[in-house]
Amino acid sequence: MFNLILFGPPGSGKGTQSERLVDKYRLKHLSTGELLRSEISQLTALGLEAKNFMDKGQLVPDHVVIGMISTALDANRESSGFLFDGFPRTEVQAEALDKLLQEKNTSIRVVLALKVSEEELIKRLLNRGLTSGRVDDVTETVIRERIAEYHRKTSPVADYYDRSGKVVYVEGEGSVDHIFDQLCEEIDKRIAE
Ligand code: B4P
């Protein structure tokens, strides 16, 4: 089983690159952002709880997203590997993921971390807000709060995986094709090992 995390601040291109990577490597794509938006559109209790946090640019409580990922892992036992997109976003989530994977006799092989400047992130998200219908992409205050949450709670996740030498930084500015090629190069190296 080959499991990887695509890591980076909001708007760094995790969703964009994930779509291509899962296609190429036949991985199961697990995006907590997408799972949460699907719960919101179905008006579930979980979705309604999550919406309060997401609309303000805040992270959804750990127990909610960990529960969702645990269910998704169980529902995809036959998968040849997982691409985690937007998860884990806190150290508590990272520890929980390690445990869940351990129970399945597997682990994270690599964390690919996209590097993008704050100015570029804000530009991309405001631009997406013009068409995405996503409340959290529309106002600069909410976008800045998401970036602040990233610095407060999510960037320590890279340090967590760095301790086991699993993090590789990839330049996230430039053409989508070029960034994709860089990510594939890192994955191919590890598949060949
Ligand atoms: P997510 O859905 O994960 O969204 P994101 O971080 O904003 O976007 P991503 O990095 O995937 O950017 P994308 O490729 O789309 O999270 C949304 C919210 O859900 C969070 O704020 C939080 O509240 C909640 N949540 C999710 N997971 C959680 C967790 N684990 N714990 C707690 N809460 C959680 O790219 C953005 C834009 O840039 C697009 O318009 C794209 O076209 C453009 N773009 C991409 N690559 C580009 C490039 N190379 N050049 C120019 N533009 C590019």
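Here the structure is shown first, and the text comes after it.
Just so it is clear, the structure is predicted and the values come from calculations on it, not from any experiment.

Description of the site of the ligand
Right, so step 1: Taken together, 29 residues form the shell around the ligand, and within it Thr16, Thr32, Gln58, Arg128 and Arg146 come nearest.
Right, so step 2: A distance of 3.0 Å separates a nitrogen atom of the ligand from a polar side-chain atom of Arg89.
Right, so step 3: Within the side chain of Arg146, one N or O atom sits 2.4 Å away from an oxygen atom of the ligand.
Right, so step 4: If the ligand stood free it would expose 1000 Å²; the protein chains cover 86% of that surface.
Right, so step 5: A molecule is said to occupy a pocket when more than half its atoms come within 2 Å of that pocket's grid points, and by this definition the ligand occupies the largest pocket.
Right, so step 6: Counting only elements with at least two residues in the shell around the ligand, the list comes to α1 (14-25), α2 (32-41), α6 (118-132) and α8 (176-192).
Right, so step 7: Top contributing element to the shell around the ligand by residue count: α2, with four residues.

Things to note about α1
Right, so step 1: Taking 1.5 Å of rise per residue, twelve residues should cover 16 Å, and α1 covers 16 Å from first to last C-alpha, within 8% of that figure.
Right, so step 2: Of all the positions in α1, only Lys14, Gln17, Ser18, Leu21, Val22 and Tyr25 are classed as buried. Buried residues of α1, seen end-on, are gathered within an arc of 130 degrees and therefore sit on one face of the element.
Right, so step 3: In this structure, the buried side of α1 is in contact with β1 (4-7), β2 (28-31), β3 (82-85), β4 (110-115) and α8.

Structural notes on the sheet that holds β3
Right, so step 1: Overall, parallel pairing links the five strands, which are arranged β2-β3-β1-β4-β5 in an open sheet. The strands lining the two open edges of the sheet, one partner per strand, are β2 and β5 (167-171). Adjacent strand axes in the sheet meet at a mean angle of 20 degrees when their direction is disregarded.
Right, so step 2: Inspection of the sheet shows β4 paired to β5 by five bridges, in the parallel sense.

Quick look at helix α4 (residues 62-75)
Right, so step 1: In this model α4 runs 20 Å from its N-terminal to its C-terminal C-alpha over 14 residues, within 8% of the 20 Å that 1.5 Å per residue would give.
Right, so step 2: Considered for burial, the residues of α4 that qualify are Val64, Val65, Ile66, Met68, Ile69, Ala72 and Leu73.
Right, so step 3: On its buried face, α4 is in contact with β2, α2, α3 (45-54), β3 and α5 (91-103).

Quick look at the layout of surface pockets
Right, so step 1: Its volume calculated, the largest pocket comes out at about 830 Å³.
Right, so step 2: Considering the residues around the largest pocket, the lining is formed by 40 residues, among which Lys14, Arg89, Arg128, Arg134 and Arg146 are closest to the centre.
Right, so step 3: Of all the secondary-structure elements, those providing two or more residues to the lining of the largest pocket are α1, β2, α2, α6, α7 (140-162) and α8.
Right, so step 4: For the lining of the largest pocket, a count of residues per class yields eleven nonpolar, 17 polar and twelve charged.

How each quantity is defined
Residues numbered from 1 in each chain as written. Predicted model: local features only at pLDDT ≥ 70, side-chain atom pairs only at ≥ 80, totals over all residues. Heavy atoms only, no water. Near = heavy atom within 4 Å. Polar contact = N/O pair within 3.5 Å; in protein donor to acceptor, adjacent residues only side chain to side chain. Areas by Shrake-Rupley, 256 points an atom, 1.4 Å probe, with all protein chains shown as cover. 1 Å grid on protein atoms, 1.4 Å probe; cavity = no way out; pocket = protein on both sides within 12 Å on 5 of 7 lines; lining within 4 Å. Sits in = over half its atoms within 2 Å of the grid points. Helix = DSSP H or I, 4+ residues; strand = E, 2+ residues; numbered from the N terminus. Expected span 1.5 Å × (residues − 1). Buried < 20%, exposed > 50% of the residue type's maximum accessible area, 1.4 Å probe, protein only. Arc of directions from axis to C-beta. Contact = heavy atoms within 4.5 Å. Pairing = 2+ DSSP bridges. Axes fitted to C-alpha atoms, helices over the stretch in contact; angles between N-to-C directions. Points joined across faces, edges and corners; volume = space filled by probe spheres on them. Nonpolar A, V, L, I, M, F, W, Y, C, P; charged D, E, K, R; others polar.

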